[in-house]
Structures are given as C-alpha cells and as structure tokens.
Amino acid sequence: MERIQKIIAARGLCSRRTAEALIEAGRVTCNGKRCVLGDVADAAQDEILVDGKPLPSPGEYVYLMLHKPRGYVTTLSDEKGRKNAAQLVSECGQRVYPVGRLDMDSEGLLLFTNDGEFANMLMHPRHRVDKVYQVQVDGFTEAGLEKLKRPVTLDGYRIQPPQVLLLRQENGGRAQLQITIHEGRNRQVRRMCAMAAMQVRRLVRVAEGNVRLGDLPLGKWRYLTAHEVNSLRNR
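All values derive from a computational prediction rather than experimental measurement.

### A few points about the sheet that holds strand β5 (residues 48-50)
- Reading across from one edge, β3-β2-β5-β6 is the order of the four strands in this open sheet, with antiparallel pairing throughout. Among the strands making up the open sheet, the edge pair consists of β3 (33-34) and β6 (53-54).
- Where strand β2 (residues 28-30) meets β5, three bridges bridge the pair, whose relative direction is antiparallel. Each residue of the ladder has a partner; that of C30, found in β5, is I48.

### Some words on the nonpolar core
- F112, V137, L148 and I179 are the most contacted members of the largest nonpolar core, which totals 33 residues.
- Every element with two or more residues in this core is listed here: β7 (63-68), β9 (107-113), β10 (131-138), α4 (142-148), β14 (175-181), α5 (188-195) and β15 (199-208).
- Discounting residues that sit within four places of it in the chain, I179 has contacts with K131, V132, Y133, V135, L148, P162, Q163, V164, V189, M192 and C193.

### Looking at helix α2 (residues 16-24)
- Looking only at α2, the buried set comprises A19, L22 and I23. Summarising the axial view, the buried residues of α2 lie within an arc of 100°, below the 170-degree limit, and thus occupy one face. Away from its buried face, by an angle of more than 90 degrees, α2 presents the exposed residues R17 and E24.
- For α2, the secondary structure elements touched by its buried residues are α1 (4-10), β2 and β5.
- The positive-phi residue at the C-terminal boundary of α2 is G26, with phi of around 75°.

Rules and cut-offs
What you see as residue numbers is a count from 1 along each chain, following the sequence as written. Under the rules for a predicted model, residues below a pLDDT of 70 receive no local features and side-chain atom pairs below 80 are neither given nor counted, while totals for whole chains, interfaces and linings still include all residues. To get the side-chain values, all heavy atoms of the structure are used, and hydrogens and water are removed first. A pair of strands is treated as paired once DSSP finds two or more bridges between them. The numbering of helices and of strands both runs from the N terminus, where a helix is a DSSP run of H or I of at least 4 residues and a strand a run of E of at least 2. What we call a nonpolar core is a set of buried Ala, Val, Leu, Ile, Met, Phe, Trp, Tyr and Cys residues that are connected through their side-chain atoms within 4.5 Å. Three labels apply to residues, based on accessible area from a 1.4 Å probe with only protein chains included: buried if under 20% of the type maximum, exposed if over 50%, partly exposed otherwise in between. For this analysis, residues touch if any pair of their heavy atoms sits within 4.5 Å. Comment: arc refers to directions from the helix axis out to C-beta atoms.

Listed below in structure tokens is the structure:
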C-alpha cells in the first residue's frame with residue numbers, strides 16, 4: 001500500500017506536489033470514493049481516477065536531456081500561449097515532464113522523465129544535486145563576487161552557499177562566471193546576481209549532477225545513458 005499522491009506521481013501523470021493539489025481539489029477518486037490527503041491504495045488492485053480518467057498504465061520509464069533554447073517556458077500549461085520546451089521532446093514517444101525549471105530567458109540542460117519518483121528525488125534539496133551554470137554578467141566587481149559567494153535568503157528560504165568561479169573578466173565590468181547551486185528556487189541565479197549588483201546577460205545550465213550538456217546542439221535532445229541515470233539516482 002502506498003500514498004495515492006505517490007502512485008499518481010510514479011505513473012508519470014504529474015509531480016507529487018501537483019498530485020497532492022489534485023487530491024485537495026477533490027479531483028481524485030479511489031474505487032469510487034473521493035480521496036483525501038493521507039489515503040493509501042494498492043496500485044495493482046485499486047481503481048484510481050483523476051478527473052474521472054484512469055492513470056497511465058505502468059510502462060517503460062524514459063529519461064532524457066534537452067538543450068533548451070531561450071524563449072521556451074518549462075511549465076506544461078501557459079496562459080500566455082508561449083512556446084513550451086516539452087514540444088521539443090514530443091518525438092520521444094512518451095508523455096514526459098521537465099525535472100525542475102529553467103526560466104524562459106535561460107538555456108541549457110533540462111532533464112525530462114515520466115518517472116515521478118526519480119523527478120521528486122532530484123528536485124528535493126536534501127539530495128544536494130549540483131546544478132552548474134555559466135553566466136555572463138554586466139556590473140562585475142570584486143566586491144560583488146564576494147557577496148555572490150555568501151548564503152542569502154530567497155522566498156524565506158536560506159540557500160546553501162553557492163560555488164562561484166570567475167572564468168573570464170572583460171573591460172567595462174563584463175565577466176563570465178561559473179555558478180554551482182544545490183536548490184532550484186525560482187530564477188535563483190538571476191536573483192542572486194541582482195543582489196550582488198550584477199545583471200545577467202546570458203545564463204546557460206551546463207551540468208546537473210554528473211550529467212553534462214556537452215556538445216548537444218541547441219534545441220535537440222537525447223536519451224540519458226544507464227550510467228547517467230544511475231549516477232543521478234545513487235547520490
């Protein structure tokens with residue numbers, strides 16, 4: 001027996017947090033009875049419906065990475081009708097979901113999967129999955145660099161101290177940094193730079209855990225290797 005939100009997430013329908021919201025909204029039933037948070041079920045025996053529809057059948061899990069271009073959102077539904085990164089991986093043959101977020105103005109490595117438990121594990125801060133970004137900034141100063149290295153509070157949450165390397169400094173206060181964070185707060189790197197009086201010109205995620213963007217072309221995707229999946233899972 002497992003909690004119903006865990007079963008829904010494991011079938012790849014949505015994240016566990018979204019599944020909890022669906023339950024709270026009264027949109028989930030088990031054997032004809034409306035579910036509440038805390039309910040458990042047997043995924044093999046019980047009939048679980050979301051909005052009156054059965055869960056996707058358990059199938060082969062898919063793990064892939066996309067080189068997301070600028071101009072694509074990662075939310076699966078967007079009220080403004082903007083381009084969605086999921087459209088770029090639609091040919092994988094499975095309904096997959098982005099692991100975490102990468103804002104519309106950013107580019108680089110974005111993981112997708114239909115394995116809800118795997119996605120939840122990667123997104124939980126306690127697993128400390130490193131996310132590495134190369135960031136071009138204006139307004140660079142040595143004082144700003146030191147401030148950027150300190151822990152700050154975002155959305156009431158005290159983030160871990162980031163790892164910051166100065167890769168290149170140019171004239172006019174322009175520089176390229178490598179920033180490694182462990183959380184995934186909304187627009188975290190951009191907000192951290194702003195607090196250090198630096199403006200982000202370009203932001204590219206180049207690694208997550210041991211998975212590297214490498215030479216994957218912009219807008220293209222590939223499946224993760226078994227080694228890459230295991231390296232992310234066995235942290």
